[in-house]
Amino acid sequence: MTSEEVVEYLGTAENESLMLLEPRSTYDACLVGVGYRYCDGPLAVYDIAKVMAVLIAGGMDEEAAQEWINTNMIGSWMGNGTPLFIEL
């Protein structure tokens, strides 16, 4: 799926708790698929490398970007609908 197809699919999904990274104008391009967890889904799936590239382009160095992702994205649980992150 392209990121546009993922956005379109998630836009029609029946998951009231679905969460997407903000700002959408920045992070929607990092979407690579749709995921499911036990009793939860569809969920947004982001490519870690693409998210890293966004953070670095925004001024973070690679180490800070990796720490941010690990702590504030992968390490965050915001309930059902929390996005998934994948290394391709």
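The following refers to the structure shown. (Residues numbered from 1 in each chain as written. Predicted model: local features only at pLDDT ≥ 70, side-chain atom pairs only at ≥ 80, totals over all residues. Heavy atoms only, no water.)

### Structural notes on the nonpolar core
Threshold: Only buried residues count toward a nonpolar core, which is a set of Ala, Val, Leu, Ile, Met, Phe, Trp, Tyr and Cys residues joined through side-chain atoms within 4.5 Å. Burial classes follow relative accessibility: with a 1.4 Å probe on protein chains only, a residue under 20% of its type's maximum area counts as buried, one over 50% as exposed, and anything between as partly exposed. Starting at the N terminus, helices and strands are each numbered in turn, a helix being any DSSP run of H or I of at least four residues and a strand any DSSP run of E of at least two. Contacts are assigned to residue pairs with any non-hydrogen atoms lying within 4.5 Å of each other.
Formed by 16 residues in total, the largest nonpolar core has its most connected members in Leu 21, Tyr 27, Tyr 46, Val 51, Ile 69 and Met 73. Mapped onto this core, the elements with two or more residues apiece are α1 (3-11), β2 (40-47), α3 (48-57) and α4 (62-74). Sort the elements by how many residues they give to this core and α3 lands first, with 4 residues. Those residues in contact with Val 51 that lie beyond four places of it in its chain are Leu 21, Tyr 27, Cys 30, Tyr 46, Ile 69 and Met 73.

### Some points on the pairing of strand β1 (residues 31-37)
Applied cut-off: A pair of strands is labelled paired if DSSP reports no fewer than 2 bridges between them.
Two strands pair when backbone bridges link them, and β1 and β2 are joined in this way by 5 bridges, in the antiparallel orientation. Within β2, the position partnered with Val 34 by the bridge is Ala 44. Hairpin remark: β1 followed by β2, antiparallel, with 2 residues in the connecting loop; positive phi at Cys 39, about 60 degrees.

### Examining the sheet that holds strand β3 (residues 84-86)
To be explicit about the condition: Here the axes come from fitting lines to C-alpha atoms, over the contacting stretch only for helices, and the angles between their N-to-C directions go from 0 to 180 degrees.
Ordered in space as β1-β2-β3, the 3 strands form an open sheet in which the pairing is mixed. Each edge of the sheet is formed by a strand with only one pairing partner; in this case those strands are β1 and β3. Adjacent strand axes in the sheet meet at a mean angle of 35 degrees when their direction is disregarded. The strands that α3 touches are β1, β2 and β3; relative to β2, the one it contacts most, it runs at about 55 degrees.

### A word on unusual backbone geometry
Of the consecutive residues Glu 22 and Pro 23, the connecting peptide bond is found in the cis state with omega at 0 degrees. Here Pro 23 is to be found in the loop between α1 and α2 (24-27). With omega at 0 degrees, the peptide bond leading from Gly 41 into Pro 42 counts as cis.

### Brief notes about the environment of Ile 86
The residue Ile 86 is located in strand β3 in this model. Aside from chain neighbours lying at most four places away, what touches Ile 86 is Val 32, Val 45, Tyr 46, Asp 47 and Ile 48.

### Quick notes on a nonpolar patch on the surface
The condition is simple: Like-charged residues within 9 Å of one another, or nonpolar side chains (Val, Leu, Ile, Met, Phe, Trp, Tyr) within 5 Å, are grouped into patches, provided each residue has over 30% relative accessible area and no salt bridge. To measure how exposed things are, a 1.4 Å probe is used in the Shrake-Rupley method; for residues, cover is taken only from the protein chains shown. When a carboxyl oxygen of Asp or Glu is within 4 Å of a side-chain nitrogen of Lys or Arg, the pair counts as a salt bridge.
A cluster of nonpolar residues, Met 1, Tyr 9 and Tyr 36, forms a patch on the protein surface that exposes about 360 Å² of accessible area. Counting through the fold element by element, Met 1 comes out in the segment before α1. A residue is classified by how much of its surface remains accessible, and Met 1, at 55% relative accessible area, is exposed.

### Considering the side chain of Asp 47
Definition in use: Counting rule for charge: Lys and Arg are taken as positive, Asp and Glu as negative, and neither His nor the chain ends is counted.
Mapped onto the fold, Asp 47 is located in strand β2. Of the side chains bearing the opposite charge, Lys 50 lies closest to the buried Asp 47, which forms no salt bridge; the N-O distance is 4.8 Å. If near-sequence neighbours (up to four positions away) are discounted, Asp 47 is found in contact with Cys 30, Val 32, Ile 86 and Leu 88.

In short, shape yes, function no, at least from these values alone.
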